[in-house]
Amino acid sequence: MTSRTGFFVLSGVLLVVALLCVGEGVQLIATGKPLGIGIGVCAFVIPVIGVWFLRQTVRFGRSSEQLARELEAEGGLPVDELKRTTGGRIDRASADAVFARRQAEAEASPGDWRVWFRLAVAYADAGDTPRARKTMQHAIKLHSTEPARSNA
């Protein structure tokens, strides 16, 4: 299963569970008992948090894809230069070398979203997903604050 298919399946499940929670919350509130009302209100809050998280994830994915398309149009996407084991896994020393180079580029140009995008890819290749996501969020922020280029 591709990650995109998995995302859509899990999103559908989240929405079904959210609807079930809301239905149960209505029934609990309808009991009129203080405990039922309290739990019923919580049953409304949980789906809101889940839908908010889903929205943030979709926004992050769309923004990342937009940056990737823009970099691809410029010819600036990072090339896969990583060595792999016979089993197909990324060689750790190779990933570390590419990461060090990408980190030096980011330190040299801290305001360029392109180098931060490539650094995020290097983090992901090195297996550090939380830092990859945080770095990609930084690249998105830099991109959104970058002055628009004129086509003139």
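Predicted model only: the values in this text are computed from it and were never measured.

When helices and strands are counted, the protein chain shows five helices and zero strands. Sequence-ordered secondary structure for the protein chain, helices as α and strands as β, is α-α-α-α-α. The C-alpha atoms of the protein chain give 22 Å as radius of gyration, which overshoots the globular expectation for 152 residues (15 Å, by more than 25%). For the protein chain, the spread of C-alpha atoms along the three principal axes comes to 65 × 50 × 25 Å. Considering only contacts in the protein chain between residues 6 or more positions apart, those separated by 24 or more positions represent 50%. When the accessible area of the protein chain is evaluated, it comes to approximately 10,500 Å², of which 63% is carbon and sulfur surface. Charge centroids of the protein chain, computed over 19 positive and 15 negative side chains, lie 6 Å from each other.

Before going further, it helps to examine the nonpolar core. Among the nonpolar cores identified, the biggest contains ten residues, and these are Phe 60, Leu 67, Leu 71, Trp 113, Phe 117, Ala 120, Met 136, Ala 139, Ile 140 and Leu 142. Within the residue set of this core, elements represented by two or more residues are α2 (34–74), α4 (113–125) and α5 (129–145). With four residues, the top contributor of residues to this core is α5. Beyond its immediate chain neighbours, meaning those up to four positions away, Phe 117 contacts Ser 64, Leu 67, Ala 68, Leu 71, Leu 77, Pro 78, Met 136 and Ala 139.

For the rest of this paragraph, the subject is the state of the cysteines. Evaluation of the coordinates by the stated rule reveals zero disulfides. Note on Cys 21: no disulfide assigned, nearest cysteine sulfur contributed by Cys 42 at a separation of 11 Å. Taking relative accessible area as the criterion, Cys 42 reaches 45% and is therefore assigned partly exposed.

Attention now moves to the packing of aromatic side chains. Scanning the model with the defined rule gives two aromatic pairs in all. On the numbers, 5.6 Å between centres and 65° between planes, the contact of Phe 7 with Phe 8 is edge-to-face. Look at Phe 8 and you get exposed, because its relative accessible area is 53%. Consider the rings of Phe 99 and Tyr 123, whose centres lie 4.7 Å apart with planes at 55°: the pair is tilted. In this pair, Phe 99 is assigned in helix α3 (residues 92–108) and Tyr 123 in helix α4, connecting sequence segments 24 residues apart. For the cation-ring pair, Arg 133 lies above Phe 60, with the distance from its terminal atom to the ring centre recorded as 4.0 Å.

Here the focus is the packing of helix α1 (residues 3–30) against α2. The interhelical angle for the contact between α1 and α2, taken along N-to-C directions, is 160°, at an axis separation of 8 Å. Relative to α2, the element α1 lies roughly antiparallel. Every pair of crossing elements has a handedness; the one defined by α1 and α2 is left-handed. Its residues assigned to classes, the contact of α1 with α2 shows 18 nonpolar, six polar and two charged.

Time to look at the pattern of salt bridges. Counted by the stated rule, this structure contains ten salt bridges. Note that Glu 74 and Arg 114 form a salt bridge whose closest N and O atoms lie 2.8 Å from each other. Placement of Glu 74 in helix α2 and of Arg 114 in helix α4 is noted, with a sequence separation of 40 residues between them. Using a relative accessible area of 11% as the deciding quantity, one classes Arg 114 as buried. In this structure, the salt-bridge partner of Arg 84 is Asp 80, at a minimum N-O distance of 2.6 Å. Among the residues examined, Arg 84 registers a relative accessible area of 41% and is labelled partly exposed. Asp 80 sits in the exposed class, given a relative accessible area of 51%. Connected via shared salt-bridge partners are Glu 81, Arg 101, Arg 102 and Glu 105.

Glancing now at the confidence of the model for the protein chain. Atomic detail in the predicted coordinates should be set aside for any region of low pLDDT. Taken as a whole, the protein chain shows an average pLDDT of 89; of its residues, 96% reach a score of 70 or greater. Across the protein chain, α5 holds the top mean pLDDT of 94, while α3 sits lowest at 89.

The rules behind each value
Residues numbered from 1 in each chain as written. Predicted model: local features only at pLDDT ≥ 70, side-chain atom pairs only at ≥ 80, totals over all residues. Heavy atoms only, no water. Helix = DSSP H or I, 4+ residues; strand = E, 2+ residues; numbered from the N terminus. Rg over C-alpha atoms; globule rule 2.2 N^0.38 Å. Contact = heavy atoms within 4.5 Å. Areas by Shrake-Rupley, 256 points an atom, 1.4 Å probe, with all protein chains shown as cover. Lys, Arg positive; Asp, Glu negative; His and termini not counted. Charge placed at Lys NZ, Arg CZ, Asp CG, Glu CD. Core = buried A, V, L, I, M, F, W, Y, C linked by side-chain atoms within 4.5 Å. Buried < 20%, exposed > 50% of the residue type's maximum accessible area, 1.4 Å probe, protein only. Disulfide = S-S within 2.5 Å. Phe/Tyr/Trp six-rings, centres within 6.5 Å; stacked < 30°, edge-to-face > 60°. Lys NZ or Arg CZ within 6 Å of the ring centre and 35° of its normal. Axes fitted to C-alpha atoms, helices over the stretch in contact; angles between N-to-C directions. Parallel < 35°, antiparallel > 145°, perpendicular 65-115°, else oblique. Left-handed = near helix turned anticlockwise from the far one by under 90°. Nonpolar A, V, L, I, M, F, W, Y, C, P; charged D, E, K, R; others polar. Salt bridge = Lys/Arg side-chain N within 4 Å of Asp/Glu carboxyl O. pLDDT = per-residue confidence, 0-100.

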